[in-house]
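Understanding the architecture of this molecule
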2 protein chains.
Amino acid sequence: MITIKKMAELLETSTTTVSNVIHGKTGEVSPAMVEKVQQLLEEYDYVPNINARNLAKNKSGIIGLAMKACRDKYENFIKDPFAGELTGAVESCVRAGGYFTMLYISDDITEIISSVASWNVDGLILHGMQAEDGLMITQKIKKPMVFIDCYLEETVPQYVNVGSEDRIGCYKITKYLIENGHERIAFIADNRVGVDFERLKGYQDALKEADIVFTEDHFIMLEPNGADLTKALDDVYKRIGDFTGLVCASDYYAAHIMNDLKDRGVKIPDDISIVGFDDNVYSQIIRPALTTVHQDVTEKGSLAVDKLLQMIGHQEIGERVIRLPVHIEERNSVKKIKGTHV
Amino acid sequence: MITIKKMAELLETSTTTVSNVIHGKTGEVSPAMVEKVQQLLEEYDYVPNINARNLAKNKSGIIGLAMKACRDKYENFIKDPFAGELTGAVESCVRAGGYFTMLYISDDITEIISSVASWNVDGLILHGMQAEDGLMITQKIKKPMVFIDCYLEETVPQYVNVGSEDRIGCYKITKYLIENGHERIAFIADNRVGVDFERLKGYQDALKEADIVFTEDHFIMLEPNGADLTKALDDVYKRIGDFTGLVCASDYYAAHIMNDLKDRGVKIPDDISIVGFDDNVYSQIIRPALTTVHQDVTEKGSLAVDKLLQMIGHQEIGERVIRLPVHIEERNSVKKIKGTHV
DNA sequence: GTGAAAGCGCTAACAT
DNA sequence: ATGTTAGCGCTTTCAC
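Here is what the cut-offs are and how they apply
- Residues numbered from 1 in each chain as written.
- Chains lettered and ligands numbered in written order.
- Predicted model: local features only at pLDDT ≥ 70, side-chain atom pairs only at ≥ 80, totals over all residues.
- Heavy atoms only, no water.
- UniProt positions renumbered as here; feature names shortened; annotations may be inferred.
- Helix = DSSP H or I, 4+ residues; strand = E, 2+ residues; numbered from the N terminus.
- Core = buried A, V, L, I, M, F, W, Y, C linked by side-chain atoms within 4.5 Å.
- Buried < 20%, exposed > 50% of the residue type's maximum accessible area, 1.4 Å probe, protein only.
- Contact = heavy atoms within 4.5 Å.
- Near = heavy atom within 4 Å.
- Polar contact = N/O pair within 3.5 Å; in protein donor to acceptor, adjacent residues only side chain to side chain.
- Nonpolar A, V, L, I, M, F, W, Y, C, P; charged D, E, K, R; others polar.
- Domains from an automatic or database assignment.
- Buried area = accessible area lost by both parts, 1.4 Å probe.
- Salt bridge = Lys/Arg side-chain N within 4 Å of Asp/Glu carboxyl O.
- Expected span 1.5 Å × (residues − 1).
- Arc of directions from axis to C-beta.
- Pairing = 2+ DSSP bridges.
- Least-squares fit on C-alpha atoms with pLDDT ≥ 70 in both.
- Axes fitted to C-alpha atoms, helices over the stretch in contact; angles between N-to-C directions.

Looking at an unreviewed UniProt entry, one finds chain A named Transcriptional regulator, with Lacrimispora algidixylanolytica as its source organism.

Dropping the structure here:
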């Protein structure tokens, strides 16, 4: 692995000169020298030592992709199609911007913080952060960072976030159910914070608009233990009582619930209608194909990185909190109940 | 961001002393000094500059995860559940080993090579490499590396690989079809190299064993353009003629084909039986649930990293080429044809 | 147009 | 037990 210094020696010139031609500042160097240096570069396959470069320039060239994830939830977090797609989109965009992606996946925010600090990352994409996490990391790390899918405007100073119209999306799809004649509609999620909480609110908005009163037993809280959904699914089956529609906070749950119900002999959408949120592989592959709220994850990742790169370059970033539009992807999991006004 | 030097000044001592207590070499330092240094460490939230450390030690602490992927294939490579799960497993194992994961996803091997060289990574996990890629990267990069799911024993010197029993798996599942009375069985894939080629061979092994002659029209080559499978699916439908069984090289294709056929009114498994390979979300979510060959992707990633870490530590690594065992996951996509000897 | 030299933050061999 | 010093490879200022 040849170094600038070595090449300078070989050519009996200075490191500055070699460095100059490496950086294309050929205006400062005589053509003859340029020629000689370039030959050496070729011959020895020169590759800069990024570590040394970064040390000298006090930057790192690294964009950290930090995801707080309890390994429990889906066994191996990134297995989740959302995380996978997001990771791919981020990496691709980061690379296009001339940076590199370092992955920090952990359920321990302090571990993420110290790793990120050590590497002196130039910027951060953050996912899965709760209020305390967001607060702590912005206090400790003074670097540009953009959150994805968070709702921390009231907690985090200088907050920049790229998310989706979660509330509106869930409002729309609930309204869609209502317009199709449904009145007894349950909402299913495994938590009541962040994105899922917004989706819950959207669902409630639609109910209220239709003068349907929401009571706590409309909300079915899933409590999966690890990757094992069996108990949770059992629970759903017991609780869906005489609902005619199910709004699931994610396609993941919608698909599993649908399969489970089908296995128990429930006809979908004849016996019960189901809708999801995300429009990922789950909703696409399941049958009947799931009517769901479409969000563009790749776009989300790209946009987040774009914004981050702008912040790093001290450019204007426009809107600090973005909610990407979503739309209903109408498929076959909703029954049109007779006698409606639609 | 405080540095060792600064702290040494503040304490009117040497960098060596500070460095020593940072590294827990308290035997070399007086208790009083240890105490004082540790207070400073706390007070100023000292975090080492990894760049500087790496430069001095001529290492990087980075494990590169390099995946050669044409963005075309699934639109955004890592969206593929295999890639996502592998990434998660690798990251987790790398972190546990005290290293960090840097992602290099590109369809251009030379880009991967120069990035990896620049960063002076301590080791590499490689996926999706063809013969020329493997040869080129081992020539240029003199670092420990382990391949995943490659078949390059004849090309790459010092080859270390973690894969699955692709051939045996496909042999087993084809045999399973045969034992269930199938004789006219097609094989479907989108290429004829590497993993899929081995799976094809396994399929052929089973045919031969049953004295069924394989001819070229048993092999249905899929040619998806981008994420759009429509044409390819059309093609499959036209070509499945009077086959009674379909061996797909992946669950991904099996699931899409199954849905497509169902949409066209074909009954599965009554009209035609389908099996896949991977046992991922596709086979689990589809109905009828897909009988497939199970492989453990998380195990694959972990094992690869373990081996890599051993190589970095100059330990004995045992087998250089590993084929993880696979087994048939029997579900409901295969019809037992009457009159068989099973 | 070219070169000398300081410095980025840390490590480690070598004094004292 | 503590301090000095010479790098690691590159950038950059400033002088020639």
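That covers the picture; the talk isn't over yet.
1. A short note on the UniProt feature "domain: HTH cro/C1-type" (unreviewed entry) in chain A
Residues annotated in UniProt with the feature "domain: HTH cro/C1-type" (unreviewed entry) correspond here to residues 2-47 of chain A. Helix makes up 65% of residues 2-47 of chain A and strand 0%, with an end-to-end C-alpha separation of 8 Å.

2. Examining the nonpolar core
Ranked by size, the top nonpolar core spans 56 residues in total, and within it A:Leu246, A:Ile257, A:Ile274, B:Leu246, B:Ile257 and B:Ile274 carry the most contacts. Here B:Leu246 is in contact with B:Ala186, B:Ile188, B:Ile240, B:Ile257, B:Leu261, B:Ile272, B:Ser273, B:Ile274 and B:Val275, once residues within four sequence places are set aside. Within the second largest apolar cluster, 55 residues are counted, among which are A:Ile63, A:Ile148, A:Leu324 and B:Ile322.

3. Describing the protein's contact with DNA strand D
In the vicinity of DNA strand D there are 25 residues, among which A:Ile4, A:Tyr46, A:Arg53, B:Thr13 and B:Thr16 approach most closely. Take the atoms of DNA strand D that sit within 4 Å of the protein: sugar and phosphate atoms are 67% of them. At 3.3 Å, a backbone N or O of A:Ala52 approaches a base nitrogen of DNA strand D. Separating a base oxygen of DNA strand D from a backbone N or O atom of B:Ala56 is a distance of 3.2 Å. When contributions to the surface near DNA strand D are tallied by element, the ones reaching two or more residues are α2 (15-22) and α4 (50-57) of chain A together with α2 (15-22) and α4 (50-57) of chain B. Among the elements that line the surface near DNA strand D, the one with the most residues is α4(A), at four residues. In terms of residue class, the surface near DNA strand D is built from nine nonpolar, twelve polar and four charged.

4. Some remarks on the domain arrangement of chain A
For an interface, size is often stated in terms of accessible area lost upon the parts coming together. All names here are of chain A. For chain A, the assigned domains read domain 1 (4-48), domain 2 (62-164 + 297-324) and domain 3 (166-295). Distance between the C-alpha centres of domain 2 and domain 3: 28 Å. Interface area, domain 2 with domain 3, both sides summed: about 1,100 Å², of which 54% is carbon and sulfur. Where domain 2 meets domain 3, there are zero salt bridges. One can count four residue pairs in polar contact (both at pLDDT 80 or more) joining domain 2 with domain 3. Residue assignment for the side of domain 2 that touches domain 3 shows that the elements contributing at least two residues are α5 (81-96) and α13 (297-312). Class assignment for the residues of the side of domain 2 that touches domain 3 results in five nonpolar, two polar and five charged.

5. Some words on helix α3 (residues 31-44) of chain A
Note that an α-helix has 3.6 residues per turn; residues three or four places apart therefore point the same way. All names here are of chain A. If you check α3, its first and last C-alpha atoms are 20 Å apart, about what 14 residues at 1.5 Å a residue would give, namely 20 Å. Residues of α3 that are buried include every one of Met33, Val34, Val37, Leu40 and Leu41, and no others. Viewed along the axis of α3, the buried residues span an arc of 130°, placing them on a single side of the element. Summarising the geometry of α3, the exposed residues directed more than 90 degrees from the buried face are Pro31, Ala32, Glu42 and Glu43. Buried residues along α3 sit in contact with α1 (4-11) and α2. Phi turns positive one or two residues past the end of α3, at Asp45, with a value near 55°.

6. What to know about the protein's contact with DNA strand C
Among the 26 residues in the neighbourhood of DNA strand C, the closest are listed as A:Thr13, A:Thr16, B:Ile4, B:Tyr46 and B:Arg53. Of all DNA strand C atoms lying within 4 Å of any protein atom, the proportion belonging to sugar or phosphate reaches 67%. Taking B:Tyr46, its side chain carries an N or O atom lying 2.6 Å from a phosphate oxygen of DNA strand C. One nitrogen or oxygen atom from the side chain of B:Arg53 is found 2.6 Å from a phosphate oxygen belonging to DNA strand C. Sorting the residues of the surface near DNA strand C by element identifies α2 and α4 of chain A together with α2 and α4 of chain B as the ones contributing at least two each. Here the surface near DNA strand C takes four residues from α4(B), the largest share from any one element. When the residues that make up the surface near DNA strand C are grouped by side-chain class, the tally is nine nonpolar, 13 polar and four charged.

7. Looking at the interface of chain A and chain B
On the chain B side, the residues contacting the 50 residues of chain A number 50 residues. Both sides of the chain A and chain B interface together cover about 4,400 Å² of buried area, and 58% of this is carbon and sulfur. Taken as a group, A:Asn51, A:Trp119 and A:Ile285 account for 16% of the area that chain A buries against chain B, more than any other trio of residues on that side. The tally of links from chain A across to chain B stands at six salt bridges. Where A:Lys140 meets B:Asp45, a salt bridge forms, and the shortest distance between an N and an O atom there is 3.1 Å. Linking chain A with chain B are 16 residue pairs in polar contact (both at pLDDT 80 or more). Those elements that provide at least two residues to the side of chain A that touches chain B are α4, α5, β2 (100-106), α6 (109-119), α11 (251-263) and α12 (281-285) of chain A. Top contributing element to the side of chain A that touches chain B by residue count: α5(A), with eight residues. When grouped by side-chain class, the residues that make up the side of chain A that touches chain B number 20 nonpolar, 18 polar and twelve charged.

8. Describing the pairing of strand β11 (residues 321-324) of chain B
Residue and element names in this part refer to chain B. In β11, alternate side chains face the same way, and those of Ile322 and Leu324 are buried while those of Val321 and Arg323 on the opposite face are not. Here strand β5 (residues 161-164) runs beside β11; their pairing, made up of four bridges, is parallel. The residue bridging Ser164 from the neighbouring strand is Leu324, located in β11.

9. Some words on the relation of the copies chain A and chain B
With an axial shift of 0.0 Å and an RMSD of 0.1 Å, the rotation relating chain A to chain B amounts to 180°. Look at the turn and shift together and you get a two-fold axis relating the two. A symmetric contact is evident, with 100% of the interface residues of chain A recurring at the interface of chain B.

10. Side note on the sheet that holds strand β12 (residues 327-329) of chain A
All names here are of chain A. Here six strands make up an open sheet; going across it, the order is β7-β6-β8-β9-β10-β12 and the pairing mixed. A single partner strand is all that each edge strand has here, and the edge strands are β7 (219-221) and β12. Each strand of the sheet is rotated relative to its neighbour by a mean of 25°, with strand direction disregarded. Direction of pairing for strand β8 (residues 245-248) relative to strand β9 (residues 273-278): parallel, over a ladder of three bridges. In the strand pairing of β9, Gly245 is matched with Ser273. Most of the contacts of helix α9 (residues 194-209) go to strand β6 (residues 185-189), to which it runs at about 175°, and overall it touches β6, β7, β8 and β9. Running at roughly 155° to β9, α11 makes contact with β6, β8, β9 and β10 (291-294) of the sheet.

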